[in-house]
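Architecture at a glance
This is what each chain is made of:
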Amino acid sequence: MVRRRMAASLTALAVAGGALTVGAAPAQADPAGGTLRGVYYDRDFCQWYGADGASQGRWDWWYCELSAAPSPLWFLWTFDYV
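Residues numbered from 1 in each chain as written. Predicted model: local features only at pLDDT ≥ 70, side-chain atom pairs only at ≥ 80, totals over all residues. Heavy atoms only, no water.

On to helix α2 (residues 43–55). Note that an α-helix has 3.6 residues per turn; residues three or four places apart therefore point the same way. An ideal rise of 1.5 Å per residue puts 18 Å on 13 residues; α2 measures up with 18 Å between its terminal C-alpha atoms. Those residues of α2 that sit buried are C46, G50 and G53. In a view along the axis of α2, the buried residues occupy a sector of 70 degrees, so they form one face of it. Of the exposed residues in α2, those oriented more than 90 degrees away from the buried face are D44 and S55. In this structure, the buried residues of α2 make contact with β1 (35–40), β2 (61–66) and β3 (74–79). Residue G57 follows α2 closely and has a positive phi angle near 85 degrees. (Helix = DSSP H or I, 4+ residues; strand = E, 2+ residues; numbered from the N terminus. Expected span 1.5 Å × (residues − 1). Buried < 20%, exposed > 50% of the residue type's maximum accessible area, 1.4 Å probe, protein only. Arc of directions from axis to C-beta. Contact = heavy atoms within 4.5 Å.)

The following block contains the structure:
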């Protein structure tokens with residue numbers, strides 16, 4: 001009985017972990033020369049962080065991309081001039 005409960009618990013954790021991993025993956029490959037700096041639930045925070053990083057000289061330009069995941073996630077992409 002204990003083994004059955006343990007197996008069921010481990011299976012549930014594995015399925016939940018797999019769902020989180022699949023749901024958080026970007027829909028497409030990295031833009032050429034881009035660096036993924038973060039994934040956010042809030043568009044305004046993504047925009048603020050991108051602008052703040054550019055004003056502080058951490059990157060030259062940036063944009064926030066809405067993912068195609070079931071829940072809205074914003075990907076902050078940054079770029080540096082070469």
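Under the criterion given, the structure shown has 1 disulfide. A sulfur-sulfur distance of 2.1 Å marks the disulfide that ties C46 to C64. Between C46 and C64 the sulfur-sulfur dihedral comes to about -105 degrees; the bridge is accordingly left-handed. In this pair, C46 sits in helix α2 while C64 sits in strand β2, placing the two residues 18 residues apart along the sequence. Judged by its relative accessible area of 0%, C46 falls in the buried class. (Disulfide = S-S within 2.5 Å.)

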